[in-house]
Amino acid sequence: MRVLCIGRHAFLSEHFCRFFGCLGVDTVPCVGIAEAANAVSLHEPDAIICDYDLLATMPLASWESNPTLSSVPVIAVSLTRH
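Residues numbered from 1 in each chain as written. Predicted model: local features only at pLDDT ≥ 70, side-chain atom pairs only at ≥ 80, totals over all residues. Heavy atoms only, no water.

Asker: Before we go on, may I ask you to explain the overall build of the chain in this structure?
Answerer: Summing up its helical and strand segments, the chain has four helices and four strands in all. Going from the N terminus to the C terminus, the chain shows its helices and strands as β-α-β-α-β-α-α-β. In terms of C-alpha radius of gyration, the chain reaches 12 Å, essentially the compact-globule figure of 12 Å for 82 residues. In terms of overall dimensions, the chain has C-alpha extents of about 30 × 30 × 20 Å along its principal axes. With 82 residues in all, the chain has 37% of them scored as buried. Nonlocal contacts in the chain, meaning residues at least 24 apart in sequence, comprise 69% of its contacts between residues at least 6 apart. Accessible area for the chain stands at about 4900 Å²; split by element, carbon and sulfur atoms hold 59% of it. (Helix = DSSP H or I, 4+ residues; strand = E, 2+ residues; numbered from the N terminus. Rg over C-alpha atoms; globule rule 2.2 N^0.38 Å. Buried < 20%, exposed > 50% of the residue type's maximum accessible area, 1.4 Å probe, protein only. Contact = heavy atoms within 4.5 Å. Areas by Shrake-Rupley, 256 points an atom, 1.4 Å probe, with all protein chains shown as cover.)

Asker: Could you clarify how one ought to interpret the nonpolar core in this entry?
Answerer: As a rule of thumb, nonpolar side chains are buried together in soluble globular proteins. Core analysis: the biggest nonpolar cluster contains 15 residues, and Leu-4, Ile-6, Ile-48, Cys-50 and Trp-63 have the highest contact counts within it. At the level of secondary structure, the elements contributing two or more residues to this core comprise strand 1 (2-7), strand 2 (26-31), helix 2 (32-43), strand 3 (47-51) and helix 3 (52-56). Ranked by residues supplied to this core, first place goes to helix 2 with four residues. With residues up to four places along the chain from it excluded, the contact list for Ile-6 reads Phe-16, Cys-30, Gly-32, Ile-33, Ala-36, Ile-48, Ile-49, Cys-50, Asp-51, Leu-54 and Trp-63. (Core = buried A, V, L, I, M, F, W, Y, C linked by side-chain atoms within 4.5 Å.)

Asker: Honestly, the sheet that holds strand 2 in this entry has me stumped. Any pointers?
Answerer: Backbone-to-backbone hydrogen bonds join strands into a sheet, with any given pair of strands oriented parallel or antiparallel. Read from one edge of the open sheet, four strands run 2-1-3-4, paired in parallel fashion. The sheet is open, and its two borders are formed by strand 2 and strand 4 (74-77), each paired with just one other strand. Each strand of the sheet is rotated relative to its neighbour by a mean of 25°, with strand direction disregarded. Inspection of the sheet shows strand 3 paired to strand 4 by four bridges, in the parallel sense. When the sheet's bridge partners are listed, Ile-48 is paired in strand 4 with Val-74. Helix 1 (residues 10-21) contacts strand 1, strand 2, strand 3 and strand 4 of the sheet and is inclined by roughly 170° relative to strand 2. Here helix 2 sits on the sheet in contact with strand 1, strand 2 and strand 3, set at roughly 145° to strand 2. (Pairing = 2+ DSSP bridges. Axes fitted to C-alpha atoms, helices over the stretch in contact; angles between N-to-C directions.)

Shown next, in the form of structure tokens:
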């Protein structure tokens, strides 16, 4: 399984990749939602792992209307203690 790991910055995205890579998942790092559309087209992931804080702080209308992004399942992950 290949997943796209989207974080607010490179360090967080790479951390997601290391964490899920240790579980046997093929990971691809991605920084920000703007980069996601190109990364999904390029890498054809089975799912997207995205920082919850990134999803919660932006409108998702452009994501939902994008035919490439809207067809890939999203898993929201949070590293905060709340």
